[in-house]
Amino acid sequence: MIILGIETSCDETAVGIVSEDRRILANRIASQAATHQAYGGVVPEIAARAHLQHLDHVVLGALDDAGLGWSDIGGIAATCGPGLIGGVMVGAMFGKAVAAARKLPFAAVNHLEAHALTARLTDDVPFPYVLLLVSGGHCQLLLVRGVGDYRLLGGTIDDAAGECFDKAAKLLGLPYPGGPAIAALAEQGDPRRFALPRPLMDQDNCDFSFSGLKTAVRRLVEREDKPEGTNFRADVAASLQETIAHILAGKTARALALAAHEKPTTLVAAGGVAANKVLRLALAKTAAQSSLPLVVPPPALCTDNGVMIAWTGVERLRLGLSDGFDAPARPRWPLAELVKVAKTSA
Ligand code: KG4
Ligand code: ZN
């Protein structure tokens, strides 16, 4: 079975083609990052229009890269949420139209589940595993028990970690997306220069809070007595990156303890922020303390991409979990709701 997957929930128009035996046949991405950079964040209306404009070319380009025609494709998967609704509707409608015209099964993919299952494509990770899902819109710790079967261990009570990187980057005058820009600047900085708050770290749960961190960075940047002529901005970037990595790794350790009785096989990190090298090092230590391997998909598959959507199509369609053409587009779609959908339809 070869599946074509469409991702349009944020600012990447992306299409992947994946085979059931875990081969990536195409991975095309048309990024709108440059378009949104001037605004310091994604503008939903502009994103939706750009998806409509580019999706056709990206799909045909992916087929070309794979050396395949429509007759080789056995199913269509498209992100149906959560995400910016205009973009989601463009991708979902495109996917449904192709599936209808070619009489192919359709998988309405949850974007978060796609991030969660990527490690099974790249590293064949067996269920159950603990997942740290950290992106621009999401920050959660989950126990992944199976397709559609997630136990939420904790999550952010305000901003996501990626959002914190993005907002802090804006304060530091860095371009969007902020994570990679902060990581690059931090390379010349001292991570111990500024002691930033570590909210909720004293609480024995898996919840995060990042909005205070953003405020602390604003105070530093707006300080009247800013030490000039030093590595000020790089030191702020390095201190922030170190603090976020410390918080994420610390809460992940708690999640591993909380899920220990379910005997997870692996610690997996996914989502855009998992591309961060300092975070990877911190998580490697956390995993080692629980004698578990750490799996982080390669950066190109950690940030939004079409391959993860296609792979989720493989996982769902091979279980017979196809969706009707009335599948809704959802701006909000927590993984916990997915459990109910999967269980009632099984
Ligand atoms: O998963 P993703 O591509 O899109 C969402 O679904 O949100 O994640 C994008 C987020 C952005 O906030 C971006 O700043 C962050 O991931 N990010 C990083 C890095 N690369 C991307 N954050 C920290 N370090 C990085 N190297
Ligand atoms: Zn994402």
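**Q** Describe in detail the sheet that holds strand E8 (residues 149-155), supporting the description with residues and values.
**A** Strand order in the open sheet made by the 5 strands is E8-E7-E6-E9-E10, with mixed pairing throughout. Among the strands making up the open sheet, the edge pair consists of E8 and strand E10 (294-295). Two strands pair when backbone bridges link them, and strand E9 (residues 267-270) and E10 are joined in this way by 2 bridges, in the parallel orientation. Residue pairing across strands places Val-268 opposite Val-295, the latter belonging to E10.

**Q** Before we move on, could you go through the side chain of Asp-159 and cite the residues and values that matter?
**A** Among the secondary structure elements, Asp-159 is positioned in the loop between E8 and helix H5 (161-171). Polar side-chain contacts of Asp-159 include one of 3.4 Å to the side chain of Lys-167. Leave out the neighbours within four places in its chain, and Asp-159 touches Lys-167, Phe-210, Ser-211 and Lys-214.

**Q** Give a detailed account of the site of ligand 1, specifying residues and quantitative values.
**A** By nearness alone, 20 residues border ligand 1, and Gly-136, Asp-166, Gly-179, Gly-272 and Asn-276 come closest of all. Here an oxygen atom of ligand 1 sits 3.3 Å away from a polar atom, N or O, in the main chain of Gly-137. Contacts to ligand 1 include Gly-162, whose backbone N or O atom sits 3.2 Å from an oxygen atom. For ligand 1, whose unbound accessible area comes to 560 Å², protein coverage reaches 89%. Looking at the shell around ligand 1, the elements that each hand over two or more residues are helix H4 (111-123), H5 and helix H6 (178-186). Its residues placed into classes, the shell around ligand 1 shows 6 nonpolar, 12 polar and 2 charged.

**Q** Residues and numbers for the packing of aromatic side chains, please.
**A** Taken as a whole, this structure holds 4 aromatic pairs when the rule is applied. Relative to Phe-232, the ring of Phe-194 lies with its centre 5.7 Å away and its plane at 75°, an arrangement referred to as edge-to-face. Of the two residues, Phe-194 sits in the loop between H6 and helix H7 (211-222) while Phe-232 sits in helix H8 (residues 232-259), which places them 38 residues apart along the sequence. Phe-194 gets classed as buried once you look at its relative accessible area, which sits at 11%.

**Q** Which residues make up the sheet that holds strand E4 (residues 75-81), and what values go with them?
**A** Judged by pairing direction, the sheet is mixed, and its 5 strands sit side by side in the order E3-E2-E1-E4-E5 without closing on themselves. Two strands in the sheet have a free side with no partner beyond their single neighbour: strand E3 (24-31) and strand E5 (106-110). The sheet shows a mean angle of 20° between the axes of neighbouring strands, taken without regard to direction. Here strand E1 (residues 2-7) pairs with E4 via 4 bridges, running parallel. Bridge pairing in E4 links Gly-5 to Ala-77. Sitting on the sheet, helix H2 (residues 44-66) is in contact with E1, strand E2 (12-19) and E3, with an inclination near 25° to E2. Strands E1, E2, E3, E4 and E5 of the sheet are contacted by H4, whose axis makes an angle of about 100° with E5.

**Q** Explain the pairing of E4 to me, and be specific about the residues and the numbers.
**A** For E4, a buried count of 7 out of 7 residues is recorded, marking the element as mostly surrounded by other parts of the structure. Across 5 bridges, E4 lies against E5 in parallel orientation. Bridge assignment links Gly-81 to a residue of E5, and that residue is Asn-110. Taken together, E4, helix H3 (residues 85-102) and E5 constitute a β-α-β crossover, and its handedness is right-handed.

**Q** Please give an account of H6 that cites residues and values.
**A** Considered for burial, the residues of H6 that qualify are Gly-178, Gly-179, Ala-181, Ile-182, Leu-185 and Ala-186. Mapping the buried residues of H6 onto a view down its axis gives an arc of 165°, with all of them on the same face. Looking at the buried positions of H6, the neighbouring elements they touch are H5 and H8.

**Q** Which residues make up H7, and what are the values?
**A** Taking 1.5 Å per residue as the helical rise, H7 with its 12 residues ought to reach 16 Å, and the 17 Å between its terminal C-alpha atoms agrees with that figure. Taken together, the buried positions of H7 are occupied by Leu-213, Lys-214, Ala-216, Val-217, Leu-220 and Val-221. Buried positions in H7, seen along its axis, are confined to an arc of 160° and lie on one side of it. The outward face of H7, more than 90 degrees from its buried face, is lined by the exposed residues Arg-219 and Glu-222. Contact partners of the buried residues in H7: H5 and H8.

**Q** Outline the pairing of E9, listing residues and values.
**A** Burial of E9 is two-sided: the residues Leu-267 and Ala-269 facing one way and the residues Val-268 and Ala-270 facing the other way are all buried. Summarising the sheet, strand E6 (residues 129-134) and E9 pair through 4 bridges and their orientation is parallel. Bridge assignment links Val-130 to a residue of E9, and that residue is Leu-267. Where the polypeptide runs from E9 across helix H9 (residues 277-289) and back to E10, its parallel neighbour, the crossover connection is right-handed.

**Q** Describe the environment of Val-109, and please don't skip the residues or the numbers.
**A** Inspection of the secondary structure assignment puts Val-109 in strand E5. Distance from Val-109 to Trp-311, taken between C-alpha atoms, is 9.9 Å for residues 202 residues apart in sequence. Residues within four places of Val-109 in sequence aside, it is in contact with Ala-77, Ala-78, Thr-79, Cys-80, Gly-81, Ala-114, Ile-309, Thr-312, Gly-313 and Trp-333.

Procedures and definitions
- Residues numbered from 1 in each chain as written.
- Chains lettered and ligands numbered in written order.
- Predicted model: local features only at pLDDT ≥ 70, side-chain atom pairs only at ≥ 80, totals over all residues.
- Heavy atoms only, no water.
- Pairing = 2+ DSSP bridges.
- Helix = DSSP H or I, 4+ residues; strand = E, 2+ residues; numbered from the N terminus.
- Polar contact = N/O pair within 3.5 Å; in protein donor to acceptor, adjacent residues only side chain to side chain.
- Contact = heavy atoms within 4.5 Å.
- Near = heavy atom within 4 Å.
- Areas by Shrake-Rupley, 256 points an atom, 1.4 Å probe, with all protein chains shown as cover.
- Nonpolar A, V, L, I, M, F, W, Y, C, P; charged D, E, K, R; others polar.
- Phe/Tyr/Trp six-rings, centres within 6.5 Å; stacked < 30°, edge-to-face > 60°.
- Buried < 20%, exposed > 50% of the residue type's maximum accessible area, 1.4 Å probe, protein only.
- Axes fitted to C-alpha atoms, helices over the stretch in contact; angles between N-to-C directions.
- Right-handed = clockwise from strand over helix to strand, strands pointing away.
- Arc of directions from axis to C-beta.
- Expected span 1.5 Å × (residues − 1).

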